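# Analysis of the macromolecular model
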Amino acid sequence: MDSLSVIVNGISMGAIYGLIALGLTLIFGIMKIINFAHGALLMLSMMCSYWTWKYTGINPYLLIIMIAPVMFVIGYSTERFFIKPVLDAQKDVREPIAVLLLTAAFAIVLENLSLMLFGADYVMAKTTVTDATIAFGGVTLSAARFYALIIALVISGGFYLFLQYTELGRKLRSCGQDRNTASLMGIDVPKTFAIAFGIGTALLAVAAITLLPFYYVHPTVGNVFMTKAFIVVVLGGLGSVPGALLGGIIIGLIESIGAQYMTATLTTVIVYAIFLLILFIKPSGLFGSRLEW
Amino acid sequence: MSNALLEVNELTINFGGLIAVNQLDMKVNTGEAVGLIGPNGAGKTSAFNLISGVYKPTHGQVFFDGENITGLTPYQVNRKGIGRTFQVVKPFGSMTVLENVMVGGFVHTSKRSKSREIAMQVIEQVDLKRKINSLAKNLTLSDRKRLEVAKALATQPKLLLLDEVLAGLNPTEIEEAVKMIKSINKSGISILMIEHVLQATMAICSHIVVLDYGKKIAEGTPQEVTSNPEVIKAYLGDDYEAVNN
Amino acid sequence: MDAVKTKKISLIVLFLVIGFIIPQFVTKPYYLHVITMCLLWAYLASSWNLFCGFAGQLSLGHGVFTAVGAYVAVMLFNDYNISPWIGMFAGAGAAVLLSILIGYPTFKLRGAYYALATVAIGSGVVVLIENTQALGPFRVGGAEGLIVKLMGNAPAFFQFMSKQPYYYIALVMLIIVVLFAFWLKNSRLGYYLSALKEDPEAAEALGINVRNAKLVAAAYSAFFTAIGGVYYAMLIRYLEPNAIAGPMMSNEMVFLAVVGGSGTVLGPVVGGITLHAISEVIQFYFGDLAQGLHLFIYGLIVVFMIMFKPQGIIEILQKYYNRFLGITDRGEDEKSVKRTAGS
Ligand SMILES: Nc1ncnc2c1ncn2[C@@H]1O[C@H](COP(=O)(O)OP(=O)(O)OP(=O)(O)O)[C@@H](O)[C@H]1O
Ligand SMILES: [Mg+2]
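Keep in mind that what you see is a predicted model, and the values were worked out from it rather than measured. Once a new chain begins, its residue numbering starts again from 1 and follows that chain's sequence as written. Written order determines the labels here, with chains lettered from A and ligands numbered from 1. Only residues with pLDDT of at least 70 get local features here, since the model is predicted, and only at 80 or more are side-chain atom pairs given and counted; chain-wide, interface and lining totals rely on the full set of residues. Excluding hydrogens and water, the side-chain values take into account all heavy atoms of the structure.

### Some words on the site of ligand 1
Residue and element names in this part refer to chain B. Stated precisely, the cut-off is as follows: Here a residue is near a molecule or strand as soon as one of its heavy atoms is found within 4 Å of it. The term polar contact refers here to a pair of N or O atoms within 3.5 Å; inside protein, the definition further demands a hydrogen-donor-capable atom paired with an acceptor-capable atom, and it admits residues adjacent in sequence only when both atoms are side-chain atoms. Each accessible area is a Shrake-Rupley result for a 1.4 Å probe, and residues are judged covered by the shown protein chains and nothing else. In this description a helix means any DSSP run of H or I spanning at least four residues, a strand means any run of E spanning at least two, and both kinds are numbered starting from the N terminus.
Near ligand 1 there are 14 residues, and of these Gly 41, Lys 44, Thr 45, Ser 46 and Gln 87 occur at the shortest range. Here an oxygen atom of ligand 1 and a side-chain polar atom of Ser 46 are 2.6 Å apart. One of the side-chain nitrogen or oxygen atoms of Glu 164 is found 3.4 Å away from an oxygen atom of ligand 1. Compared with its free state, where it exposes 630 Å², ligand 1 has 64% of that area covered by protein. It is helix H1 (residues 44–51) that provides the largest number of residues to the shell around ligand 1, a total of 3 residues.

### Details of the sheet that holds strand S2 (residues 18–29) of chain B
Residue and element names in this part refer to chain B. Cut-off, in case you're wondering: Should DSSP find at least two bridges between two strands, the strands are regarded as paired. When checking whether two residues touch, look at their non-hydrogen atoms; a contact exists if any pair is within 4.5 Å. The axes used here are C-alpha line fits, helices contributing only the stretch in contact, and every angle between their N-to-C directions lies in the interval 0 to 180 degrees.
Read across the sheet, 4 strands follow the order S2-S1-S4-S5 without closing on themselves; strand pairing throughout is antiparallel. Strands at the two margins of the open sheet, each flanked by one partner only, are S2 and strand S5 (67–68). Docked against the sheet, H1 engages strand S1 (4–15), S2 and strand S4 (59–64), running at close to 115 degrees with respect to S1.

### A short note on the environment of C:Phe157
Residue and element names in this part refer to chain C. On the secondary structure map, Phe 157 appears in the loop between strand S3 (146–147) and helix H6 (164–185). C-alpha separation for the pair Phe 157 and Asp 288, spaced 131 residues apart in sequence, amounts to 36 Å. With sequence-adjacent residues up to four places away left out, Phe 157 is seen in contact with Phe 77, Asn 81, Ser 83, Pro 84, Trp 85, Met 151 and Met 234.

### A look at the pattern of salt bridges
All names here are of chain A. To keep things clear, this is the line we draw: By salt bridge we mean one thing: a side-chain nitrogen of Lys or Arg within 4 Å of a carboxyl oxygen of Asp or Glu. Note on classification: 1.4 Å probe, protein chains only; a residue is buried when its accessible area is under 20% of the maximum for its type, exposed when over 50%, partly exposed between these limits.
What the rule picks out here adds up to 13 salt bridges over all chains. For Glu 255, the salt bridge identified is with Lys 228, shortest N-O distance 3.2 Å. Taken together, the positions of Glu 255 in helix H11 (residues 241–261) and Lys 228 in helix H10 (residues 221–236) put the pair 27 residues apart, joining distant regions of the chain. For Glu 255, a relative accessible area of 21% corresponds to the partly exposed category.

### Notes on the pairing of strand S10 (residues 215–220) of chain B
Residues and elements named next belong to chain B. As defined by bridge partners, strand S9 (residues 207–212) adjoins S10 across 5 bridges and the pair is classed as antiparallel. Considered in S10, the bridge of Asp 212 is made with Lys 215. Between S9 and S10, which follow one another and run antiparallel, lie 2 residues, and Tyr 213 among them has a positive phi close to 50 degrees.

### Quick notes on the pairing of strand S7 (residues 159–163) of chain B
All names here are of chain B. Among the 5 residues of S7, 5 are classified as buried, and the element is accordingly described as predominantly covered. Burial along S7 is two-sided: Leu 159, Leu 161 and Asp 163 and Leu 160 and Leu 162, pointing in opposite directions, are all buried. Both strand S6 (residues 82–84) and S7 contribute to a ladder of 3 bridges, which runs parallel. Each residue of the ladder has a partner; that of Arg 84, found in S7, is Leu 161.

### Observations concerning the domain arrangement of chain B
Residues and elements named next belong to chain B. Spelled out, the test is: Each domain's extent was defined by an automatic or database domain assignment. Two parts placed together each lose some accessible area under a 1.4 Å probe, and the buried area is that loss summed for both. Each residue is assigned to one class: nonpolar for Ala, Val, Leu, Ile, Met, Phe, Trp, Tyr, Cys and Pro, charged for Asp, Glu, Lys and Arg, and polar for all the others, Gly among them.
Taken domain by domain, chain B holds domain 1 (1–81 + 158–245) and domain 2 (87–156). With centres defined by C-alpha atoms, the gap from domain 1 to domain 2 works out at 23 Å. If you look at the interface, domain 1 gives 19 residues, while domain 2 gives 13 residues. Carbon and sulfur atoms supply 59% of the area that domain 1 and domain 2 bury against each other, a total of about 1,400 Å² over both sides. For the pair domain 1 and domain 2, the number of links is 1 salt bridge. For Arg 146, the salt bridge identified is with Glu 176, shortest N-O distance 3.1 Å. Where domain 1 meets domain 2, there are 5 residue pairs in polar contact (both at pLDDT 80 or more). Elements supplying a minimum of two residues to the side of domain 1 that touches domain 2: helix H2 (74–80), S7 and helix H6 (171–186). Ranked by residues supplied to the side of domain 1 that touches domain 2, first place goes to H6 with 5 residues. Within the side of domain 1 that touches domain 2, the residues separate by chemical class into 9 nonpolar, 4 polar and 6 charged.

### Overview of the coordination of the magnesium ion (ligand 2)
Residue and element names in this part refer to chain B. Selection rule: Each metal's donors are the N, O and S atoms within 2.8 Å of it, or within 3.2 Å when it is Na, K or Ca, and because water is not part of the set, sites may look incomplete.
On the protein side, the magnesium ion (ligand 2) has Thr 45 (OG1) and Gln 87 (OE1) as donor atoms, found 1.9 to 2.1 Å from it. Here Thr 45, found in helix H1, pairs with Gln 87, found in the loop between S6 and helix H3 (97–105); they are 42 residues apart in sequence, far enough to count as distant. Accessibility expressed as a relative area gives 25% for Thr 45, which makes it partly exposed.

### Observations regarding the sheet that holds S7(B)
All names here are of chain B. The 6 strands are arranged S6-S7-S8-S3-S9-S10 in an open sheet whose pairing can be described as mixed. Edge strands, defined here as strands with exactly one partner in the open sheet, are S6 and S10. Taking the axes of each pair of neighbouring strands and ignoring which way they run, one obtains an average angle of 20 degrees across the sheet. Here 4 bridges tie strand S3 (residues 33–37) to S9, and the two strands are oriented parallel to one another. Note on S9: the bridge partner recorded for Leu 36 is Val 209.

### Looking at the packing of H3(B) against helix H4 (residues 112–125) of chain B
Residues and elements named next belong to chain B. Going by this rule: Angles are sorted into four bins: roughly parallel if under 35 degrees, roughly antiparallel if over 145, roughly perpendicular if 65 to 115, and oblique for all others. Working rule for handedness: look at the near helix, and if it is turned counterclockwise from the far one by less than a right angle, call the crossing left-handed; if clockwise, right-handed.
The geometry of H3 relative to H4 is characterised by a closest axis approach of 8 Å and an angle of 115 degrees between their N-to-C directions. Looking at the two axes, H3 sits roughly perpendicular to H4. The interaxial crossing formed by H3 with H4 has right-handed handedness. Contacts from Val 97, Leu 98, Val 101, Met 102 and Gly 105 in H3 reach Arg 112, Ser 115, Arg 116, Ile 118, Ala 119, Met 120, Val 122 and Ile 123 in H4.

### Points about the packing of helix H5 (residues 141–154) of chain B against H6(B)
Residue and element names in this part refer to chain B. Their axes nearest at 11 Å, the elements H5 and H6 cross at an angle of 10 degrees. With respect to H6, the element H5 is oriented roughly parallel. Mapping the contact onto sequence places Ser 142, Arg 146, Val 149 and Leu 153 in H5 and Glu 173, Glu 176, Ala 177, Met 180 and Ile 184 in H6. Among the residues forming the contact of H5 with H6, the class breakdown is 5 nonpolar, 1 polar and 3 charged.

### Thoughts on unusual backbone geometry
Phi at A:Lys32 takes a positive value of approximately 60 degrees, unusual for a residue other than glycine. Note on placement: A:Lys32 falls in the loop between helix H1 (3–31) and helix H2 (38–56). The class of A:Lys32 is partly exposed, set by a relative accessible area of 37%. The residue C:Phe158 is not glycine, and still its phi comes out positive at about 60 degrees.

### Some thoughts on the interface of chain C and chain A
In this complex, chain C contributes 44 residues to the contact, which on the side of chain A involves 40 residues. Taken together, the two surfaces of chain C and chain A that pack against each other cover about 3,800 Å², and 81% of this comes from carbon and sulfur. Contact with chain A buries area across many residues of chain C, yet C:Tyr113, C:Leu116 and C:Met307 alone supply 19% of it, more than any other trio. Joining chain C to chain A, the criterion identifies 0 salt bridges. It is helix H5 (residues 111–130) of chain C that contributes the most residues to the side of chain C that touches chain A, 12 residues altogether. Residues of the side of chain C that touches chain A, tallied by class, amount to 28 nonpolar, 11 polar and 5 charged.

If you want it as structure tokens, here you go:
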């Protein structure tokens, strides 16, 4: 591949990483919880989308309208019925690790549930998009990746504007900054938390659908993306929305450029090393605000 | 000079443009009780954080017992012999009062029995014996403040920094606490205390330093300070408010 | 007062006796193996707890230490014929060094950041092992893993034909780690850890070198965890990078400790034994029914346990224990008991 294609490919994959990390960073920024079920919820979104596509044949991109609300409800209920009780019980604990473990256990439940329901096969939604390519300015890119890039950019940008300029967005942010003050100002904090978790999960549905035409689905597919999402959010600054997208693109670029010169393993190790370096030198991330942590 | 236990010279800290403590000179002599007063946001707590090593000064030095301790970390400062309390109390909530104080007691011994002995003695001194096995998170505010003092005392300091240990207490509790601080001072521990309750400060301290906007605006005996017009202007107005609250 | 003491001692003796006579009654190797695994997991959860539970640090990368311990001991054994009995201390030593190397930069990270750093380190180490075929003269085996050289019945080389010796070794290891945890909890360092777990700033103001306290505790934890890794290697006789270093290993320790009651001396033991036993039972009954069913149930059990008892099973046991001892008032005794068994 010529170098321009390598770069564009990296950016498109990176934008998807960013999209996945968006929900993680939102949930952390507002609830101060690392959601270890994030990867599993991505997998669930992919599974639901795949099987809906398989049985209805609806264009995967149109599925967003169906799957995103479903995932929102799943995320919202998860927070309401599982996470909230534990958060409440651990109110005066400084580091509520029980909540993190709850999400990790939840991931096990989801992974094995889909193993039971959908089996362990690797499946992919092969549509007309899968093999199509798009050429512009001398760069050839697979159509699926191109659409993924566009969707990721639009959703991230839209989400940023939503957080900045809407009533709900402001409520969400105020809970993230100081939940006690927010509560004093009359914001229903528990409800806002549930909404945040719901939105974070719904964003995964979008990411899932962008991946669907060119990525295999199986019950453990979430793990790969979750570790990357962790790296992305720390790189971009936990809780920072633009940071998630930029962090994702950086990782995507390192991977695609690295792939030209070395083995995938070495690239992975380099990504981990960069991650740790950032964590040690600037834990607030490259683009996170200093006050955030 | 010879009997100055703590001496700070030109102590300054700058928080991105805001000079919280500005060229502060002051000292505490051995055995003395000194008050540090000033309106809200004057920089009192910041001065404590500079002395106790939580912040590194932008400029200036801290001398303790004739030794330059500027820039040491908080635990090193404690080991030199400076104990401190926090304005927002920091009890170890799920440990008992005894265990809380024993944490401090362990600084000079690795023996449990010895640390327990130190703790028991200190707990008696601050009159917390009745709550010795209660979890710290279940204490009343007044007892939490006592616990805060007890933890610091258990590290057997030569100088005790008290940050508003009387704030939020009712008049009877204040009276008791004043007695307690006086007795601590009498037992040979020098005291530097931040306080808004002026009568109490005057009852305990022989010397008072007044801060306003990070700068020392006056110092002297309680009488001198309270009759200083600049202090009245900067501080006493606020104080009446504080008392009324 | 003395009656309480007698009751305590008789309870301890009872458990020890049960522990030592179990192999007389459980003779089927499969069952004894299952019980042995319960003890091993209780041991690993307790080792994790020494630092992470006591100091309130969520390490999700302790598999790194089981792996280092296991690989060092097995490589020394396979390639240089050094007995794992000796090799395990080399492995534990390497784990201690590694814990300091990791701890030095990571301990200044706050809760969530520390957890993420450990996840990344854990995943990184798995990738590294999977792609290392040899390390100098030692065979590492890469992704295929490393088979432990077979010696037949060779007690001097940590290999036995029957399951019984493995059971007793695991039991003794568990007893040692519990005694150590008990000692640690009641030592100066134990008090320091409890304090810095709640408020590092306040701890620092009381003269505690927070980073050093964490480093020492983490080193103890790495030491015991690595020995557990060596045991695991000798029991299973095969090292698979993902199984010994991966998230399964790392997370399992944490689940067991937290479900039992992290930060307490006996919580991880209770959690390790009960939860692992439950998981074996459901695997036995549901394992063949549908792929993933038993893990699904296992996950649900963990979810509900954390939901309804976030402080751990030990909290329930504590109540019965106090009732057994005849302690009802919230007096001196309850607290002294709490520090030893629970709290
Ligand atoms: N870490 C910090 N970063 C930035 N600004 C700070 C910091 N700590 C204190 N300040 C600022 O420095 C000023 C002095 O604060 P400080 O807490 O020392 O006042 P104080 O005299 O103790 O007030 P109070 O009586 O309310 O306790 C305040 O304006 C405060 O906002
Ligand atoms: Mg103050």
